[in-house]
Amino acid sequence: METLAVPVFAKPADELGNDAVKPAITSTPPPGVAKKPPQKRKKSSASPQSPPGTDASAGTKTKRDNEHDANGAQLPGSSQGNTTPSAKKQKQKQPDEGKESVGKKQKMSGKQARFHIKLYATSKQPVASTTVGIAKKKKAKLQQQTVASGAGAGTEQHKQQNGTAAESKKKSSKKNRPSKVNGSIGLPPTSVATPLKRVTQIKQEPKTPTRTSTGTALHELDSVTIGRHTFAWMIGPGTTVEEFMRTHWERKPLLVQRHNRTYYEGLLSRAMIDEMLRTNNIEYTKNIDITSYRDGQRETHNPDGRVLPPDLWHFYGTGCSVRMLNPQTYLRSVYELNVKLQEYFHCMTGANFYLTPPGSQGFAPHYDDIEAFVLQIEGQKRWRLYGPRQPQEVLARVSSDNLNQDELSGPPILDVVLEAGDLLYFPRGCIHQAATVPGAHSLHITVSMYQRNCWADLFEQLLPIALATAADEEPLLREGLPLDLHQHFGIVHSDGTSTERRRLIVRIRTMFDKLFSDTAIDAAVDQLAKRFQHDALPPLVDFGEWDDTVYGAGNYEFRPDGTVQCARPIEDRSSVRLLRRNILRLVSEEEKLRIYYHTDNSREYHQYEANFLELDHETALGVELLIKMYPRYVLVSSLPVEDRLEFIRSLWEKGLIVCRRPGEDANVNMAASTS
């Protein structure tokens, strides 16, 4: 068991914009395949700013008056304070909850690019096409394996790799088993969205290794492994990930008191907040709320327009609390933490920060619909947690309104003062309130996850798909209803015990069992994963892999004669892998195969519509191979795709793959293939 020292967050001196223009390798499309001209990016109709749980998000019904909605935690406790600002209280509007109707044909409005496009005949049942699409892909795979049996050495290598590791992974995935990784590497957040010019700009503890004991570079590890050890750093060192998941996750709170004020140093500070306000166009209500909680009343004091330091510090000085809904959009350190955690939890991971002056409280008691991790950065804060008042509040799916003190259920189950460097976790549905203690201010970040990510959310996707598929395949489900059904069911007959009622109940349950199939479950999980691709933050690109991606600076030569030449062309002898395990999702819908991805996402939640590529079933086999072989590299020549170079260029131009040229860092390739 090997543990690496955890580097401390530090704000880099140089930062490139995450939405910087990326170079794209141009290539001539093969005959008969028209390359679609680039499309203008469409902004999403949803508000771009806050992740689900804040009132700026689309498709989520929560309360903005709560301190940590889907992204944060809360502040309530003491009602003392000084002067209340004269700024006008603003009424907050809540959006309606948006739900996707998977059982019906949806209008696709996402941004798309195409390669190897082959369309199929339209079916009357668009949902059932998911089943048809999977069947066609399997058929194409069998045909491809037959052809591959006579291929050369490169194909033989692919067969050998795919026939062992990939095949065993396929069996494992059916049981939802996590990927097995050799060793345990303590890995904190050190990668960056754009590599720093000097590695020394990242503040690290002494002797932090860059490779594992087997020689594998840290950036070559499975991104889920990196996310897991980032999470271990966040909740550790006294509690392991295994212990936390077994004892606390969705069950009970966890308090970690480290007596180490510098543990989260570099993640956030008042000075960083001040600099962020000076260098970015941060707006009231959209990004920041100014709040107070006095005499049992919660108020919002947001003026209009941009937030500048003099105004914010004036509000703070008069006893108001400051909440920021999306610090990950502007602060690299918070973005880095969230983007790694989202790989491990495979769901959107958000963050809010809360700055509260001494002796005050900003929010009323409430509960939320997210798993909350409170990271105390500066000062002290008293937290009081209360158990759910009724069964439906356990693991709540919707956040509560603001609660009064007399609505709380008995004494708190936890009453504690967090100091800088401490952590507090509590599950969704846990009522909480927090306030600063006399003589001390508070600055904390709440990291949130697992909103709309429970079994009920899966079944909301599954049931329409399963019903449409089963209705096509089972004549029993298409038989007419019994003539006397209405005489045995309904509110009037709900207390009936007739023999006919019991017989019909048994019959209905038997038909209900026919709804469930592996194919319907696969399709429903794909829909949840597709939602993640739209929700996710864009990926970090590690310094060590920068030059092997589309983001690298050395991909083109700018010659004196004015021509631009590709300096690092993709060849058959190149080796490739996906940038991250969850970087894309292959989905069958509307009689087409699509890969949804999040490399083109903004750090602002849903600023753009979902991105996808359309492909045919032969090309899908190449995507499937890359998914199953990750994090190992695959030779381009061994891909089961006819136009291999065009296929890889299409993925490379979207930032989806790492491409090592022939002869580059063979040791890393070998280490990656054995990790």
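Cut-offs used in this document
- Residues numbered from 1 in each chain as written.
- Predicted model: local features only at pLDDT ≥ 70, side-chain atom pairs only at ≥ 80, totals over all residues.
- Heavy atoms only, no water.
- Phe/Tyr/Trp six-rings, centres within 6.5 Å; stacked < 30°, edge-to-face > 60°.
- Helix = DSSP H or I, 4+ residues; strand = E, 2+ residues; numbered from the N terminus.
- Buried < 20%, exposed > 50% of the residue type's maximum accessible area, 1.4 Å probe, protein only.
- Lys NZ or Arg CZ within 6 Å of the ring centre and 35° of its normal.
- Pairing = 2+ DSSP bridges.
- Core = buried A, V, L, I, M, F, W, Y, C linked by side-chain atoms within 4.5 Å.
- Contact = heavy atoms within 4.5 Å.

Student: Whenever I open this one, the packing of aromatic side chains confuses me. Can you help?
Tutor: The way to describe two aromatic rings as a pair is by their centre distance and the angle between their planes. Within this structure, the stated rule accounts for 24 aromatic pairs. Ring centres of Phe-231 and Phe-345 lie 5.0 Å apart, and the angle between their planes is 90°; this geometry places the pair in the edge-to-face category. Taken together, the residues Phe-231 in helix H3 (residues 223-235) and Phe-345 in helix H7 (residues 332-345) connect sequence positions 114 residues apart. Residue Phe-231 is classed as buried on the basis of its relative accessible area, which comes to 0%. For Phe-345, a relative accessible area of 6% translates into the label buried. Considering the side-chain rings of Trp-249 and Tyr-425, the 6.3 Å spacing of their centres and the 15° angle between planes classify their relative orientation as stacked. Taken as a pair, Trp-249 in the loop between helix H4 (241-247) and strand S2 (254-256) and Tyr-425 in strand S9 (residues 423-426) lie far apart in primary sequence, 176 residues in all. Members of the aromatic cluster, connected to one another through ring pairs, are Phe-231, Phe-244, Trp-249, Tyr-344, Phe-345, Phe-373, Tyr-425 and Tyr-450. Cation over ring: Arg-258 sits above Tyr-263, and NZ or CZ is 3.8 Å from the ring centre.

Student: Help me understand the pairing of strand S14 (residues 575-578), please; the structure alone is not making it clear to me.
Tutor: Working note: regular strand, side chains alternate between the two faces of the sheet. With two bridges joining them, S14 and strand S18 (residues 634-635) adopt antiparallel strand pairing. Each bridged residue has a counterpart across the sheet, and for Val-576 the counterpart in S18 is Val-634.

Student: What am I meant to see in the nonpolar core here?
Tutor: The tendency in soluble globular proteins is for nonpolar side chains to be buried as a group. If you look at the biggest cluster of nonpolar residues, it comprises 46 residues, and the most contacted ones within it are Met-234, Phe-373 and Leu-375. Apart from residues lying up to four places away in sequence, Phe-373 is in contact with Phe-231, Met-234, Ile-235, Phe-244, Trp-249, Leu-424, Tyr-425, Ile-445, Thr-446, Val-447 and Met-449. Counting 35 residues, the second-largest nonpolar core is a separate cluster that includes Leu-586, Leu-626, Phe-647 and Leu-656.

Student: What am I meant to see in the sheet that holds strand S19 (residues 657-660) here?
Tutor: As a general point, the strands of a sheet are linked pairwise by backbone hydrogen bonds and lie either parallel or antiparallel. Strand order in the open sheet formed by three strands is S18-S14-S19, with antiparallel pairing between adjacent strands. Each edge of the sheet is formed by a strand with only one pairing partner; in this case those strands are S18 and S19. Looking at chain direction, S14 and S19 are connected through four bridges and run antiparallel. From the neighbouring strand, Leu-578 faces S19, where its bridge partner is Ile-657.

Geometric descriptors of this kind do not, in isolation, establish any biological role.
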